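Chain by chain, the residues:
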Amino acid sequence: MEDIKVGQIVGRASYDCDVMFRIHRIKGNEVELHGEEIRLIADAPLDDLIILEDEDRKERKKKDKLKEESCYHLFRQERKLIREKNEFDMTAGYTKKNNHFEMPGKVLHIDGDPIYLKKCTQVYDKLGVPVYGVHLAEKEISTQVASLVEMIRPDLLVITGHDAYSSSKGNVDDLKAYRHSKHFADAVKEARKVVPYMDHLMIFAGACQSHFQSILKSGANFASSPERVNIHALDPVYLVSKISMTPFNERIGMWEILKTTISGEKGLGGLESYGSLRRGFPNYSPQVKEE
C-alpha cells in the first residue's frame, strides 16, 4: 500500500466504501480518516483502504451537491418569506416602499477541520450571515472558547469538527466511547461561564454520532446527534443561519429550524429558541457633497 498518502480520498473496503474519507494521518499500519462530506472521524488499517477513482468521487460529489443546493434553495425561499413579513411589519401594512435595514445575528464558528471551516464560511457569506471563523483542534476548543466569545461577542456560537462513537469502548450512554463529545461538552461549559443565558448566546455543538444528551446538558441550545447518526458538514451552518435571519421577537420551533438542514431530526436536535435578527429604520446612507 505504498501509494496511500495523506490527503488522498479513500473508502473502507469493510464498509463497502459507503463514506468518502480524506486521509488525515498515517501511523504505521493505522490510518486516521476524516469524512469528506460528513463530520465523521475513523481509524482503519492500511489494507482496508481503497483509493476512490476520479469518476466515482465526481459522482458522489455531484449527489452531495444536489443535497446542498436543495437546502440552499429552501433556505432562500424561507428567507424571502421572512423578509416580506418584515417589510410588512415595518410599514404597518402600507404599500409604500420602506427603507429599513436588518442586522442578522453574528456567528462565531469554531471548527476542528480547516477545510470544512472554509466551506462553511463560504456558505455563510452566500446566505448573508456575518461570521467569524476559527480553526482549532477539538481538544483545544475548551481552552480558548471563553476568550474568543469575549472578543467577538457573537449572538450564535458553533462548536464542531469531527466525532465518532465506538461500541468497543462502551455503550451509547458512556461518554468515554466517543472521540470528541467530551471536548465539545467541556467547550460549551466554558462558553456558558462567559454568557450563561441561552437567549443571549445560542450555542450549537457536536459532530457525527456525538453524545447529544451530554452536550445539551452542558448548556447548548442545539446539538448532534440524537440517533448517533452522521451529520453533513454544512448542517451547523443552516441551523444557526435560520436563527440569525429570524427576528429576535419571533419564537422558532425545532421543526422550523431543522427543515432547512440536510440531516434533519435524526442528526440534530435541541430547544425552541428566538431569532437574533434586528431591524432598524431608516436605512441612512450619507452622501459626500462635492466642493
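Residues numbered from 1 in each chain as written. Predicted model: local features only at pLDDT ≥ 70, side-chain atom pairs only at ≥ 80, totals over all residues. Heavy atoms only, no water.

J.: How would you summarise the nonpolar core if you had to cite specific residues and measurements?
T.: Counting 44 residues, the largest nonpolar core has Leu49 and Leu239 as its most contacted members. In terms of residue count, helix H6 (residues 235-244) provides more of this core than any other element does, five residues in total. Counting 25 residues, the second largest nonpolar core, distinct from the first, contains Ile110, Val188, Val195 and Phe212. (Core = buried A, V, L, I, M, F, W, Y, C linked by side-chain atoms within 4.5 Å. Buried < 20%, exposed > 50% of the residue type's maximum accessible area, 1.4 Å probe, protein only. Helix = DSSP H or I, 4+ residues; strand = E, 2+ residues; numbered from the N terminus.)

J.: Which residues make up the packing of helix H2 (residues 114-127) against H6, and what values do they have?
T.: Two elements in contact, H2 and H6, have axes separated by 9 Å at closest approach and are oriented at 30 degrees. Judged by the angle between their axes, H2 and H6 are roughly parallel. H2 and H6 meet at a crossing whose hand is right-handed. Counted together, Cys120, Val123, Tyr124 and Leu127 of H2 and Pro236, Val237, Tyr238, Val240 and Ser241 of H6 form the full contact between these two elements. Per-class residue counts for the contact of H2 with H6 are eight nonpolar, one polar and no charged. (Axes fitted to C-alpha atoms, helices over the stretch in contact; angles between N-to-C directions. Parallel < 35°, antiparallel > 145°, perpendicular 65-115°, else oblique. Left-handed = near helix turned anticlockwise from the far one by under 90°. Contact = heavy atoms within 4.5 Å. Nonpolar A, V, L, I, M, F, W, Y, C, P; charged D, E, K, R; others polar.)

J.: Can you lay out the packing of aromatic side chains for me, pointing to particular residues and giving the numbers?
T.: This structure, assessed with the given rule, holds one aromatic pair. Taken together, a centroid distance of 5.0 Å and an interplanar angle of 40 degrees make the contact between Tyr165 and Tyr178 tilted. Here Tyr178 lies in the loop between strand E9 (156-160) and helix H4 (181-194) and Tyr165 lies in the loop between E9 and H4, a separation of 13 residues in the sequence. A relative accessible area of 22% places Tyr165 in the partly exposed class. Arg12 extends its terminal NZ or CZ atom over the ring of Tyr15, reaching a point 4.0 Å from the ring centre. (Phe/Tyr/Trp six-rings, centres within 6.5 Å; stacked < 30°, edge-to-face > 60°. Lys NZ or Arg CZ within 6 Å of the ring centre and 35° of its normal.)

J.: I'd like a description of the pairing of strand E3 (residues 30-35), backed by residues and values.
T.: Burial runs high along E3: five of the six residues are buried. Bridge count between strand E2 (residues 21-27) and E3: six bridges; the pairing is antiparallel. Along E3, the bridge assignment pairs Phe21 with Gly35. Two successive antiparallel strands, E2 and E3, enclose a turn made up of two residues, where Gly28 displays a positive phi of approximately 65 degrees. As paired elements, E3 and strand E4 (residues 41-45) share five bridges and run antiparallel to each other. For His34, the partnering residue across the bridge sits in E4 and is Ile41. The turn linking E3 back onto E4 is made up of five residues. (Pairing = 2+ DSSP bridges.)

J.: Kindly report on the environment of Cys71, identifying the contributing residues and their values.
T.: Relative to the elements of secondary structure, Cys71 occurs in helix H1 (residues 54-90). With 188 residues separating them along the chain, Cys71 and Lys259 place their C-alpha atoms 8.5 Å apart. Filtering out sequence-adjacent residues up to four positions away, Cys71 remains in contact with Tyr238, Thr260, Thr261 and Ile262.

J.: Go over the sheet that holds E9, please, and point to the residues and values.
T.: With mixed pairing, the six strands of this open sheet are ordered in space as E8-E7-E9-E10-E11-E13. Every other strand in the sheet has two partners, leaving strand E8 (131-135) and strand E13 (269-270) as the edge strands with one partner each. Pairing analysis gives two bridges linking strand E10 (residues 202-205) to strand E11 (residues 222-223), with the strands arranged parallel. The partner of Phe204 across the bridge, within E11, is Phe222. Along the sheet, H2 contacts strand E7 (107-111), E8 and E9; its crossing angle with E8, the most-contacted strand, is approximately 175 degrees. Here H6 sits on the sheet and contacts E7, E9, E10 and E11; the angle it forms with E9, its principal contact strand, is near 175 degrees.

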